[in-house]
Structure formats: structure tokens, C-alpha cells
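# Overview (structure and organization)
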Amino acid sequence: MSTISRLPGIVTTDHVFQVPLDHAAPEGEQIEVYAREVVASGRERDDLPWLLFLQGGPGGKAARPLGRDAWLERALDDYRVLLLDQRGTGRSTPATRQTLARRGGPQEQADYLAHFRADSIVRDAELIRHRLLGADQRWSVLGQSFGGFCTLTYLSFAPEGLTEAFITGGLSGLGSSADDVYRAAYPRVVRKNEDHYARFPQDVEAVRGIAAHLADSPATLPDGGQLTVEAFQVLGMMLGGGSGSGTLHYLLEEAWVEGPAGAELSDTFLAGVQAKLSFAEGPLYAVLHESIYGQRSVDQGGTAWSAERVRKEFPQFDARAALASGAPVLFTGEMIYPWMFDTDPALRPLKETADLLAARTDWPDLYDPARLAANTVPVVAAVYHDDMYVDTADSLETARAVRGLRAWVTNEWEHDGLRASGGKVLDRLIKMAHGEA
């Protein structure tokens, strides 16, 4: 029996579905996929169209609404929303260091996780649509970031399930390899660093001071993780969000306290850093991150720790060299590095598994360019002009490659515009799809 809950302005209903681990072997191992239905209070019995929400990530569970939060405020005017915990996340048969240990060694774990990419997520969604709505009923889909990547996969392999598609910050390059992605990303991250230091010039010396300290003496985080200078640079992932630069600045403000032996990194700072760097709540983000770019038809399909390899082409991210030359120390962005599986306690048990996934070269293709070129599903997309995470040039090329896709290019919002705009981004896309904008 489904559990129904009431929160301010909304009614939620829990749904749990049994799905095949491998959709090519439907009678084989089954896993659970959880989804939360959300409808505006008082409209529970209304015949509303369904909107499936695909979360960013990979490896991110759907938001836990406390009411008509953020974009839900706008969505619930028109839709019954289904918040999907993508396989392996949240309440959907979680995949973590604790649960994966029961599956055997690294090879068994890697083989299992090979079924957790966008193609499997889309097949889960189609199975859920059939069971929840019926085979003859279609739904709309809203994909944020990686959820947008999944939406392109949906349009490639099961467009018959969709009435319309909304994509925010998630038009991936259809033929971009992992190396292509990171080669384009590092210069964007440089620009985000320049923007941050222009906004907070005092942070240049603040960051250099912390980096110099960590280069000599890595700190231990409250969870036992190691804060090296390279791990400190990963805080730059925050710079892709609308409030990220300010949040990073305020974190740096409280970096030091006077201890018995002089200045030392404060507990407040270390706890704040841990909250930003730990993958305890979402290890799949780190384990599967580069695999979202793996496709047989693109660069032989392998990723081979691309972000780490390509970083060597951008020596300005070498913190120790910057300290020696007097240059600003640059933060990195949405990159996953193999050494993270040494410094983060939540990832350490998954190090060999991640290495095996990085070495894999037989990833199936995630997009069908021919089918996208013949697309008949109405698609609208918000492309953030200054997006740090998804390359604008790739997004616009993909927009041209999907028949009928209408793109709204804006620099009013950053990558988190769907959430941060309080429904304005979604409202614009709905109006575009319905011919009102």
C-alpha cells in the first residue's frame, strides 16, 4: 500500500517498483526503484498530466520537498509531478560502500554498476510509466543537468512515452568524448576563478595561505578524510552555482583560529569543507561521473580518468607551481580525480571498482543522432550562457541536432537556475512549449 503524506500545499504518495537490474535480461535480478508523487493540495483527484523529474548528478537522489518549494511552485499549477530516485540513489536500492560490499569484489561491483547509466534510468522510467499510467498514456519530462542528458537518451530510445520535454542546463554533446568535455571545461573554470577573485580580491591571498599550509601539512577532516591542497582546490565545484562564489568566500573567512601552537585551520572551516567534499551521501556521483560520457562510437568508448589526464594540459591548475610563482591558486570544477578514492573515507573501499569502470571501453551509445534528427516530441531547453558544468557550444550544437528543439539562451541564471529562480525558468520553458513565449 502506498504511503500518503501531507505537507504545506502538497500531498505526496510513495511508489516502489521492482525493475530488472539488466533490462536486457528482464527475468534476472531485480532491484527497487522509488518515486514520490507530488500533487497540489486539493487537486489529488484531478485528472492532471504527469511530469517526470530527472535529477542532476549522476548519482543524485530527487529533492525531498517540504512544500511547494522552488520550481515545484510552478510545476504543480499544471502537473502531477513524479520525483524519481534514480537507481542506486536515495530509496532506490542504494549503491554505496556498505551495500556494494555485499556483491563481492571490485569486478563484481563494477559489472553491477555498469547498469546504472542513463540508458537503464530511461528504461526504468518507461517501465514505471506503463505501470503507473498505462501503456497508452504519455507523460512530460523535466531533466536538470545530468537529468537533461537522460532526457536526450529518452528522446533517442523511447520518445513514444513523451508528450513534451523540458531541459535545464543539460544539453550534452552527442558526440563529445570525456576528453573533449574536460578540454572545454578547464578554460571555463579558469574564467569562474577570475570572476571570483575579481569579486573578492582578498581571497587571492587567503587561498594562497591555506594552500601553502596544506601543501606542507594536509589536514584531517572530522570524518577522517584528508584535506590535501588538491582536495582544497575541488571546492571550486561551488563556483558553478549562482550563490557559490559568495558561499566559498564566507567559508574562507573563517579558515583560521588561534590555537595553543598558533594559527591553525578552524573546526568550523574543516567541517564546512567536509560538507562540500564528502561523497558519503552520493558516492555514485564520483564512481560513475566520467562514465556518463562513455560511448562505443565516441573515442573507443573509454574514459581512463580523463579529468586527471587532461588537467596536465592546463598547468595553471598546479597549486604548488602557483605558490612558487606568486600566482593565484586556482580552484577546479566538476571533475573527479582518482586520488579522491584515497582521501575520502566514503570512496576508499570503491577505489578498485572505480578504476575498473574507468578502464571499461564497451559502453553502449547513449544517443541516437538519426532519431533525434527526426524527433517529433516538443522539446524546449534553457541553456545557461556562462554554465561552468555544461559547455555552451556543445549545448547549442545539440540544440541544432534535435529536430524541433527550441533553446532559450540566458545569462540571467547559472547552472542551478531551475532551483534558484523560484520557478521562473520552468515557467518560461512551459510557456515556450505551449506557444505562449
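Structure shown above.
Report on the accompanying structure. Small disclaimer: the values here were computed from a predicted structure and weren't measured. Numbering of residues starts from 1 in each chain and follows the order in which that chain's sequence is written. The model is predicted, so local features are restricted to residues of pLDDT at least 70 and side-chain atom pairs to those at 80 or more, both for listing and for counting; the totals for chains, interfaces and linings are taken over all residues. Think of the side-chain values as coming from all heavy atoms in the structure, minus any hydrogens and water.

### With respect to the overall build of the chain
- Under the DSSP-based scheme used, a helix requires at least four consecutive residues in state H or I and a strand at least two consecutive residues in state E, with every element numbered from the N terminus. Within the chain one finds 19 helices and 13 strands.
- Just to be clear, the radius of gyration here is over C-alpha atoms, and the globule rule we use is 2.2 Å times residues to the power 0.38. Scaling as 2.2 N^0.38, a compact globule of 437 residues should have a C-alpha radius of gyration of about 22 Å, and the chain matches this with 22 Å.
- Across the 437 residues in the chain, those meeting the buried criterion constitute 58%.
- Considering only intrachain contacts with a sequence separation of at least 6, the fraction spanning at least 24 residues in the chain is 76%.
- Just so you have it, the chain exposes about 17800 Å², and 50% of that area is on carbon and sulfur atoms.
- Positive charges come from Lys and Arg alone, negative charges from Asp and Glu alone, with His and the N- and C-terminal ends not counted. A charge is said to be at NZ when it belongs to Lys, at CZ for Arg, at CG for Asp and at CD for Glu. Where the 42 positive side-chain charges of the chain centre and where its 60 negative ones centre are 4 Å apart. Only protein chains enter the accessibility calculation, which uses a 1.4 Å probe; a residue whose area is less than 20% of its type maximum is buried, one above 50% is exposed, and one in between is partly exposed. Note on contacts: a residue pair is in contact if any heavy atoms of the two residues lie within 4.5 Å. All accessibility values rest on the Shrake-Rupley procedure with a 1.4 Å probe; residue burial counts only the protein chains present in the view.

### Some remarks on unusual backbone geometry
- At the junction of glycine 57 and proline 58, the peptide bond is cis and its omega measures out at 10 degrees in the coordinates.
- Position of proline 58 among the secondary structure elements: in the loop between β4 (50-54) and α1 (72-78).
- In this structure, alanine 70 is a non-glycine residue whose phi angle is positive, near 45 degrees.
- Not every positive phi belongs to a glycine, and tryptophan 305 is a case in point at roughly 55 degrees.
- When you line up the elements, tryptophan 305 lands in the loop between α11 (283-288) and α12 (306-311).

### Notes on the pairing of strand β11 (residues 262-265)
- The sheet contact formed by strand β10 (residues 256-259) and β11 spans four bridges and is antiparallel. Each bridged residue has a counterpart across the sheet, and for tryptophan 256 the counterpart in β11 is leucine 265.
- Where β10 folds back onto β11 in an antiparallel hairpin, the turn is made up of two residues. One bridge is not enough; two strands pair if DSSP finds at least two bridges between them.

### Quick word on the environment of alanine 358
- The topology assignment puts alanine 358 in helix α15 (residues 351-359).
- C-alpha separation for the pair alanine 358 and tryptophan 305, spaced 53 residues apart in sequence, amounts to 5.9 Å.

### What about empty space enclosed by the protein?
- Any residue with an atom within 4 Å of a point lines the site, the site being either a cavity, points on a 1 Å grid over the protein atoms alone where a 1.4 Å probe fits but cannot get out, or a pocket, an open set with protein on both sides within 12 Å along at least 5 of 7 lines. Grid points are joined across faces, edges and corners, and a volume is the space filled by probe spheres set on the points. Tallying each qualifying case throughout the model produces nine cavities of 30 Å³ or more.
- The computed volume of the largest cavity comes to approximately 150 Å³.
- As for the largest cavity, its lining consists of 15 residues, and the residues nearest its centre are Ala231, Leu277, Ser278, Thr343 and Asp344.
- Elements represented by at least two residues in the lining of the largest cavity include exactly α10 (267-277) and α14 (340-343).
- Classes in brief: Ala, Val, Leu, Ile, Met, Phe, Trp, Tyr, Cys and Pro nonpolar; Asp, Glu, Lys and Arg charged; the others, Gly included, polar. The class makeup of the residues in the lining of the largest cavity is eight nonpolar, five polar and two charged.
- Space inside the second largest cavity adds up to approximately 100 Å³.
- If you go around the second largest cavity, you meet 13 residues; those closest to its centre are Val181, Tyr293, Val390, Asp391 and Asp394.

### Focus: the nonpolar core
- Joining through side-chain atoms within 4.5 Å is the link that ties buried Ala, Val, Leu, Ile, Met, Phe, Trp, Tyr and Cys residues into a set, and such a set is a nonpolar core. Core analysis: the largest hydrophobic core is formed by 115 residues, its most contacted members being Leu113, Trp139, Leu227, Phe232, Phe269 and Phe341.
- A per-element tally of this core places helix α6 (residues 178-199) first, with eight residues.
- Beyond its immediate stretch of four places on either side in the chain, tryptophan 139 contacts Trp50, Leu52, Leu82, Ala125, Ile128, Arg129, Leu133, Tyr154, Gly161, Leu162, Thr163 and Glu164.
- In this structure, Ile10, Trp71, Tyr79 and Val425 belong to the second largest nonpolar core, which totals 26 residues.

### Focus: the layout of surface pockets
- Put simply, the largest pocket is a space of about 1800 Å³.
- In terms of lining residues, the largest pocket is bounded by 49 residues, among which Gln55, Gly56, Gly60, Met237 and Tyr285 are the most central.
- Where the lining of the largest pocket is concerned, the elements lending two or more residues are α9 (244-253), α10, α11 and α18 (417-420).
- Looking at the lining of the largest pocket residue by residue, the class counts come to 22 nonpolar, 19 polar and eight charged.
- Considering only enclosed or pocket space, the second largest pocket measures out at about 270 Å³ in volume.
- Forming the walls of the second largest pocket are 15 residues, and the residues nearest its centre are Asp22, Ala114, His115, Asp119 and Pro364.

### Some points on the pattern of salt bridges
- Salt bridge, as used here: a side-chain nitrogen of Lys or Arg that lies within 4 Å of a carboxyl oxygen of Asp or Glu. The tally for this structure, following the rule as stated, stands at 24 salt bridges.
- The closest approach of N and O atoms between arginine 43 and aspartate 46, which form a salt bridge, is 3.0 Å.
- Within the structure, one salt-bridge network assembled from shared partners comprises Arg74, Asp78, Asp427 and Lys431.

### A short note on the packing of helix α3 (residues 106-113) against α15
- Each axis is a line fitted through C-alpha atoms, and for a helix only the stretch in contact is used; angles between axes span 0 to 180 degrees, taken between their N-to-C directions. In the contact formed by α3 and α15, the axes pass within 8 Å of each other and the chain directions differ by 55 degrees. Taken together, the axis directions place α3 and α15 in an arrangement best described as oblique. In this structure, the crossing between α3 and α15 has a hand that is right-handed. Contacts between α3 and α15 involve Pro106, Gln107, Gln109, Ala110 and Leu113 from the first element and Glu352, Thr353, Leu356 and Leu357 from the second.
- Taken together, the residues that form the contact of α3 with α15 break down as five nonpolar, three polar and one charged. Comment on the angle field: the value is read as roughly parallel under 35 degrees, roughly antiparallel over 145, roughly perpendicular from 65 to 115, and oblique elsewhere. Definitions for this section: a left-handed crossing has its near helix turned counterclockwise from the far helix by less than a right angle. A right-handed crossing has that turn clockwise.

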